[in-house]
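Each chain, written out:
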Amino acid sequence: MLIKKIVLKNFRQYDGENEIIFSVEPEKNITFVLGGTGFGKTTLCQSFRWCLYGKSDFKKPEDILSQKKIDSLKDGQSCPATVSLEISHGGKDYVITRTSTYRKKNDKFGELSLQFHVYYIENGVQKEVSNKQEFVNEIIPEELSEYFFLSGEKIEAMSDDIKKGKSRAFGEAVNTLLDLDYYKNAIRHLKSISKEYSVSGISGNFNEKLNQLNSKISSNVKNLETFESQMKEEEDSRDYHLEKIAEYKSKLKNIESSKDIAKNREDKENERTKQKNHIEQEYKSGILDFVKSSPYFFARHAMDAMLDYLKEASDIESDDIPDKLHADLIDWIEKRGKCICGTCINKNEASFGLLEKWRHIVPPESLGTLISTVRRETQDKKRFGEDLWNNLKARKERVIDYLESIDGLEEEIKVLDERLAKAEDTSEIERNLKLSTKDLEDSKEKITNYQRLIYNIKSESDRLKRERENLLETSEEGRKVLEWKKITDKLVKDFEEELSKDEQEKKQNLVNAVQNAFKKIYDADFTISIDDEYNITTTSKKELSTGQGLSVIFAFLSGLLDVIKQNREENAEMQLESYPLVLDAPFSVLDKERIISLCDVLPKVSEQIIVFIKDVDGEIARERMFSKIGRSYKLVPMDKSFQCTKVEEDKNGFV
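Nothing here was measured: the structure is a model prediction, and the numbers come from that model. (Residues numbered from 1 in each chain as written. Predicted model: local features only at pLDDT ≥ 70, side-chain atom pairs only at ≥ 80, totals over all residues. Heavy atoms only, no water.)

(A) Representation of the overall build of the protein. For the protein, the count of helices and strands is 18 helices and 14 strands. A buried classification covers 41% of the 655 residues belonging to the protein. Across the protein, contacts joining residues at least 24 apart in sequence account for 72% of those joining residues at least 6 apart. Accessible surface, the protein as shown: approximately 37200 Å² in total, 48% of it carbon and sulfur. (Helix = DSSP H or I, 4+ residues; strand = E, 2+ residues; numbered from the N terminus. Buried < 20%, exposed > 50% of the residue type's maximum accessible area, 1.4 Å probe, protein only. Contact = heavy atoms within 4.5 Å. Areas by Shrake-Rupley, 256 points an atom, 1.4 Å probe, with all protein chains shown as cover.)

(B) The packing of aromatic side chains, seen in detail. Per the stated rule, a full pass over the model turns up eight aromatic pairs. Their ring planes at 20° and their centres at 5.4 Å tell us that Phe48 and Phe149 sit as a pair that is stacked. Of the two residues, Phe48 is situated in helix α1 (residues 41–53) and Phe149 in strand β8 (residues 149–150); the sequence distance between them amounts to 101 residues. According to the relative accessible area criterion, Phe48 is buried, its value standing at 0%. On the basis of an interplanar angle of 55° and a centroid distance of 5.7 Å, the ring pair of Tyr94 and Tyr120 is categorised as tilted. Of the two residues, Tyr94 sits in strand β5 (residues 92–105) while Tyr120 sits in strand β6 (residues 108–122), which places them 26 residues apart along the sequence. Residue classification places Tyr94 among the buried positions, given a relative accessible area of 8%. By way of ring pairs, the aromatic residues Phe22, Phe48, Phe149 and Phe612 are connected into one cluster. The aromatic ring of Phe116 is capped on one face by Arg98, whose charged end is 4.0 Å from the ring centroid. (Phe/Tyr/Trp six-rings, centres within 6.5 Å; stacked < 30°, edge-to-face > 60°. Lys NZ or Arg CZ within 6 Å of the ring centre and 35° of its normal.)

And the structure:
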């Protein structure tokens, strides 16, 4: 896609009709638009997205209509605001026009009508595209447009994300622009097919049961998607609160007159947290001790009685029992009627009674051994019960000490807060910190609840899926469905493997291209890396400056577009299009050296570059890129309040 022309009619500062013809020459691919602060550069940048998608950052809808027209309209009168783009795409020229008509009624403005048209010329006849918005999104998807129509605010936001090591949105752009979405869409489609279980030719309870299972599983899938989406939003909220808390704490630390107080306060907070953790650990350990030993504690009187009874029964034990005496030997002696020592054994004699007493003590019955074991184990368990009380008392004393310590720390924190407030007014920061801390805890609690819900849904879904597969196994048609599912799952696996391979290769190409572009823009002692989620990070140990952050952004865009060009060359049959790059004040925070470095790289970043630039930066950039500028314009204010601007071609601004 190349943008050939833009026409604005009554669009914000651009009263009447203003036209800019953009350069589409390969060797002179830059269009330069020079204007001072407030002249309408950001309006021009936003007019592209408004025309293509009907989106803008303007606060009120009527802000789109020029102020001059608003002032001139009488009650009941209306006026249109229009932006028209002429583009070249897929070998054809298209005209995309969006018009919003506003009417004044009772001194208020409201949108009267909205028109959106996409035309092209075929055989000399003007034809309109039927699915207009779909067509535009096929050229540049709306979610990616902000990477090619870069306002100053967007550039700054992207730079902040990189400084924080969070740039997940880049991954969405990469997946689409590097054609990884082809794989992902195919995988998504195959997975949706794999989830569909239907059996034809079978009626009655079978299909009724199958439909019930399918309905429950489908409902679970929807609920799961909803909860996962909500949890993701809550995780983003949690991260936001963490950032705000860090920001507020940083502000407190950076207040010159209260740094030591803030540091002391932080130490007290950390100590209080440690004491609270100790209390929590004591509670947990106490509960474990109670669960383990409480049965023995409450049964200690019964165990005392049993031990007393076992003492009384001690006469059944004897240390006089011959070693290795066994019940079989006693049987032999009684049968023989004579001991091995020669003593006669008769049933009526005491010796016979002693042998019978020993019979219940020696193996195999070993009653004495059993009694000894019971007594020993009972004594051990009794000690467990007695120790429980002492342990709980000790834990209670430690908890009391921790609580007293926490009370003391909280008093100290309160005093420090008062000193901090007196040292410098930080009440607003403190209030925001307190609110953010509460919001953070709320987010954490919600995330925990979502995790529980998601776990329960997944468990229920797994059970239902097993039940469904068992049901399908009972019929021939059902078994066919399972076989088709296996084939589909195999295709999904193959696509995922191919996606992984292709993604790794393209990611490495992207990393190399970004690194090369960054070296040309910025001579730094750190490098850029891109993780699996396409978060852009650097090896710099220090926080990036604004200029460094912008250099990383342009290096990323340059590398990304370079890889897109390579893909287009390697896959000519896919008819991959080029992308224009529209920049609003890209050099405003760069020093002269960085501006020069970026100017050397910028013409190579994209096949078409459109730059809206400030006067001071523009002189440096125009001089550096003079041979690459195909068209040049300047914005001329028509009144002192800058409410009306006119676009004029600058003949001296290009060769």
